[in-house]
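Architecture at a glance
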Amino acid sequence: MSVLVLADHDQGVLSPATARIVHAVAELGTVDILLAGENIAAPAQSASTLAGVAKVLTAEGLFVADSLEMLLSTLTVRYHYVVASAGSVGKDVLPRLAAKLDLMPVTDVTAILGPNRFERPIYAGNALQTVASNQPKHLLTLRASAFRAAATGNAAPIEAIDTSGVSSAAKLIASHRTQSETPDLATAQIVVGGGIAVGSAEGFQLIESLAKKLNAAVGATRAAVDAGYAPNDWQVGQTGKIIAPDLYIAIGISGALQHLAGIQGAKKIVAINTDPEAPLVKLADIALIGDLFQVIPQLIAELDKIGLKR
Amino acid sequence: MKILVAVKRVVDHNVRIRVRPDGSGVETNGVRMSMNPFCKHAVEAAVQLAEAGQADEVVVVSIGPKPATDVILTALAMGAHRGILIETDAQLETLAIAKLLAKITAEENPGLVLLGKQAVDDDSNHVGQMLAALTGRPQATFASEIKVTGQGLEVSREVDTGRETLSLPLPAIVTADLRLNTPRNAALPQVMKARSKPLATRPAADFGVDLAPRLVVEKISPPPERVAGKSVGTVAELAAFIAADISQMEAL
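Just so we're clear, the structure is a prediction, and the values are computed from it rather than from any experiment.

Tallying secondary structure elements over chain A gives 9 helices and 18 strands in all. Over its C-alpha trace chain A gives a radius of gyration of 20 Å, about what one expects of a compact globule, namely 19 Å for 310 residues. Structurally, chain A occupies a C-alpha span of about 60 × 40 × 40 Å along its principal axes. Out of the 310 residues belonging to chain A, those deemed buried represent 61%. Residue pairs at least 24 apart in sequence account for 63% of intrachain contacts in chain A once pairs closer than 6 positions are excluded. Accessible surface, chain A as shown: approximately 11,200 Å² in total, 52% of it carbon and sulfur. Across chain A, the mean location of the 23 positive side-chain charges is 4 Å away from that of the 27 negative side-chain charges.

Looking now at the interface of chain A and chain B. Listed by partner, the interface residues are 87 residues for chain A and 79 residues for chain B. Regarding the contact of chain A and chain B, the summed buried area is about 6,900 Å², with carbon and sulfur atoms giving 58% of it. At the boundary of chain A and chain B, one finds 7 salt bridges. Among the salt bridges present, the one from Asp285 of chain A reaches Arg226 of chain B, with a minimum N-O distance of 3.7 Å. Between the two partners, chain A and chain B, sit 32 residue pairs in polar contact (both at pLDDT 80 or more). With 8 residues, the top contributor of residues to the side of chain A that touches chain B is helix H4 (residues 88-100) of chain A. Looking at the side of chain A that touches chain B residue by residue, the class counts come to 43 nonpolar, 20 polar and 24 charged. For strand E10 (residues 127-133) of chain A and strand E12 (residues 215-221) of chain B, the ladder comprises 6 bridges, and the chain directions are antiparallel. The residue bridging Ser133 of chain A from the neighbouring strand is Leu215 of chain B, located in E12 of chain B.

Moving on, we get to the pattern of salt bridges. Residue and element names in this part refer to chain B. Enumeration over the complete set of coordinates arrives at 31 salt bridges over all chains. Ionic pairing is found between Glu108 and Lys2, a salt bridge with its closest N-O pair at 2.6 Å. Residue Glu108 is found in helix H3 (residues 94-108), and its partner Lys2 is found in strand E1 (residues 2-7); the two are separated by 106 residues along the sequence. For Glu44, the salt bridge goes to Arg184, with nearest N and O atoms at 2.9 Å. A residue pair is termed long-range when its members are at least 10 positions apart, and Glu44 in helix H1 (residues 37-51) and Arg184 in the loop between strand E10 (172-176) and helix H5 (188-194) qualify at 140 residues.

Quick look at the nonpolar core now. Val25, Ile33, Leu34, Leu35, Leu72, Val83 and Leu142 of chain A are the most contacted members of the largest nonpolar core, which totals 61 residues. Of the residues forming this core, the biggest block, 6 residues, is contributed by helix H1 (residues 16-25) of chain A. Residues in contact with Leu72 of chain A, not counting those within four places in the same chain, are Leu4, Leu6, Leu34, Val82, Val93 and Leu97 of chain A. Judged by nonpolar contacts, the second largest core, of 40 residues, contains Cys39, Val47, Leu73 and Leu153 of chain B.

The subject of this paragraph is the packing of H4 of chain A against helix H4 (residues 127-135) of chain B. Where H4 of chain A meets H4 of chain B, the axes come as close as 7 Å, and the angle between the chain directions of the two elements is 45°. Relative to H4 of chain B, the element H4 of chain A is oriented oblique. Two packed elements cross with a definite hand, and for H4 of chain A against H4 of chain B that hand is right-handed. Counting all contacts with H4 of chain A, which are made through Lys91, Asp92, Pro95, Arg96, Ala98, Ala99 and Lys100 of chain A, the residues of H4 of chain B involved are Gln129, Met130, Ala132, Ala133 and Leu134 of chain B. In terms of residue class, the contact of H4 of chain A with H4 of chain B is made up of 7 nonpolar, 1 polar and 4 charged.

All names here are of chain A. Counting across every chain of the model gives 1 aromatic pair over all chains. Residues Phe204 and Trp234 carry aromatic rings whose centres are separated by 6.3 Å and whose planes lie at 40° to one another, so their mutual orientation is tilted. With Phe204 in helix H5 (residues 201-214) and Trp234 in the loop between helix H6 (222-226) and strand E16 (247-251), this residue pair connects regions lying 30 residues apart in the sequence. By the burial criterion, Phe204 is buried, and Trp234 matches it.

Residues and elements named next belong to chain A. The domain boundaries assigned to chain A delineate domain 1 (2-160) and domain 2 (190-309). Measuring from the centre of the C-alpha atoms in domain 1 to the corresponding centre in domain 2 gives 30 Å. With 6 residues of domain 1 in contact, the opposing surface of domain 2 contributes 8 residues. Approximately 590 Å² of surface area, both sides summed, lies buried where domain 1 meets domain 2, with 42% of it carried by carbon and sulfur atoms. Between the two partners, domain 1 and domain 2, sit 1 salt bridge. At the boundary of domain 1 with domain 2, the tally comes to 2 residue pairs in polar contact (both at pLDDT 80 or more). Its residues assigned to classes, the side of domain 1 that touches domain 2 shows 1 nonpolar, 3 polar and 2 charged.

What follows deals with the environment of Val232 of chain B. Topologically, Val232 of chain B is positioned in strand E13 (residues 230-232). In this structure Val232 of chain B comes out as buried when scored by relative accessible area, which is 9%. Residues Val232 of chain B and Leu92 of chain B, 140 residues apart in the sequence, show an inter-C-alpha distance of 49 Å. Setting aside anything within four residues of it in sequence, one finds Val232 of chain B in contact with Ile286, Ala287 and Leu288 of chain A together with Glu237 and Leu238 of chain B.

All names here are of chain A. For the pair helix H3 (residues 65-75) and H4, the least separation of the axes is 9 Å and the interaxial angle reads 55°. It follows that H3 is oblique to H4 by the angle criterion. Helix-helix and strand crossings are classified by hand; for H3 and H4 the assignment is right-handed. Within the contact between the two elements, H3 uses Ala65, Asp66, Leu68, Glu69, Leu72 and Ser73 and H4 uses Val89, Asp92, Val93, Arg96, Leu97 and Lys100.

Right, let's get into the pairing of strand E14 (residues 190-194) of chain A. All names here are of chain A. The buried fraction of E14 is high, at 5 of 5 residues. Going residue by residue along E14, you find Ile190, Val192 and Gly194 tucked away on one face and Val191 and Gly193 tucked away on the opposite face as well. Direction of pairing for E14 relative to E16: parallel, over a ladder of 5 bridges. When the sheet's bridge partners are listed, Gly193 is paired in E16 with Ala250. Pairing geometry for E14 and strand E15 (residues 217-220), over 4 bridges, is parallel. Across the sheet, Gly193 pairs through a bridge with Gly219, a residue of E15. Handedness of the β-α-β unit built from E14, H5 and E15 comes out right-handed.

Conventions and cut-offs
Residues numbered from 1 in each chain as written. Chains lettered and ligands numbered in written order. Predicted model: local features only at pLDDT ≥ 70, side-chain atom pairs only at ≥ 80, totals over all residues. Heavy atoms only, no water. Helix = DSSP H or I, 4+ residues; strand = E, 2+ residues; numbered from the N terminus. Rg over C-alpha atoms; globule rule 2.2 N^0.38 Å. Buried < 20%, exposed > 50% of the residue type's maximum accessible area, 1.4 Å probe, protein only. Contact = heavy atoms within 4.5 Å. Areas by Shrake-Rupley, 256 points an atom, 1.4 Å probe, with all protein chains shown as cover. Lys, Arg positive; Asp, Glu negative; His and termini not counted. Charge placed at Lys NZ, Arg CZ, Asp CG, Glu CD. Buried area = accessible area lost by both parts, 1.4 Å probe. Salt bridge = Lys/Arg side-chain N within 4 Å of Asp/Glu carboxyl O. Polar contact = N/O pair within 3.5 Å; in protein donor to acceptor, adjacent residues only side chain to side chain. Nonpolar A, V, L, I, M, F, W, Y, C, P; charged D, E, K, R; others polar. Pairing = 2+ DSSP bridges. Core = buried A, V, L, I, M, F, W, Y, C linked by side-chain atoms within 4.5 Å. Axes fitted to C-alpha atoms, helices over the stretch in contact; angles between N-to-C directions. Parallel < 35°, antiparallel > 145°, perpendicular 65-115°, else oblique. Left-handed = near helix turned anticlockwise from the far one by under 90°. Phe/Tyr/Trp six-rings, centres within 6.5 Å; stacked < 30°, edge-to-face > 60°. Domains from an automatic or database assignment. Right-handed = clockwise from strand over helix to strand, strands pointing away.

What follows is the structure, given as structure tokens:
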């Protein structure tokens, strides 16, 4: 059996999600990785070092959903599995490719139970669905946060593929990136999240300073994003990013169902909130009742005192 | 321009769902149902384009059992002009839904098809993309802004790295995200008026589409429960917990 993994990358950097996807699917068969897009030399190099990878295919060019579907549909004849992370690119293209090939995809997979059995959350994570597929090919998106990363040390060959004949009706005319020095939210080991109680964009700088101290990613609730305190790609929840860090520190977050759906995979939860009755305080492993504006500076000072370095 | 909007009837998003003890599914008997929230954003976007004179007809289609008429009426009360119910009691997969919508798209030939980005029951996030593939049209998913330009559309969409803007020639498929707009609640006179708007009901079997499921749903189970932890009284205790947790994490 053979697997094609569509890698996520941005600005010349391979997404940490890809190593997790590769590790998750390595048991299904030999894995080839496709790097499609602009500025892919460095991420292709990174991909070639992942354990379990047989070959890295590169397709240089600007791809959007329709052209990426066209490119993938020419490649998929050779593979039993086509897999992407359940990020914006995977969500955009995998269902499109599936319909083109007359297949039902299985998306947002959180566990691979066998060669054709998969588990995925439904109803915002309030139920888990186990599905089996007897189709000739399996098109999957995986939640990277639910899987561990592949080791490195491999040196798989890198091979450029011909993309002539691939075209797109849609055109990308602008993109606005959020600049941040913190790690990738979807795959970070530690996430510090802020809610509406953080009160302002300036307040979020306090959240960021704790995140920097812990080498953590920064997350935000939908309400905090809607209020303009945080950029929308920081949003954690059913309609934002789904995270599964080892440690989640929720600051001024009461815990709306929407947000809880996004953090269900977190192993340990710490809550800092003024309201002892907040749902997130009740399900946290450790909760501290207090004013975040006093607690966070104290917490950073205490962590310094302990000598924590990350 | 004609706009086709697809809407889905789902368990109301405010209802706390209950998994049936036998693992056969989620309890829907006696549970409040309503229009999928993302579909409401799609209807609102279509109605706003019509109000701005950029669309002349908004046709709303739903696929489901007879009671799905209710969500079509909701869309008509919001300002859509005409409704179509593709009636079936079967639980259809997204691929079958997309195929039925492709048939309606071929019949109606809209300049734009608007859908919600995902349904809050199966959370699939497939149908817009599948419809785009089946009709060979360009797509813009997770739309937070739609502008009609001379040649087509400019759609801003939310992606992992921030936001991006696509230009799409028409006809096109767009799926709505939460920031696209704030859906209106129709006032009673509009709700009454909606009942007199045209609404056609057509059996799904008449479309000549293979509706048989491709996947076998073996079981539906509740997620593992999280055990409640404890409260600490001081920041020092909290810092000690975080430091201990991090050193444990790094030891693995």
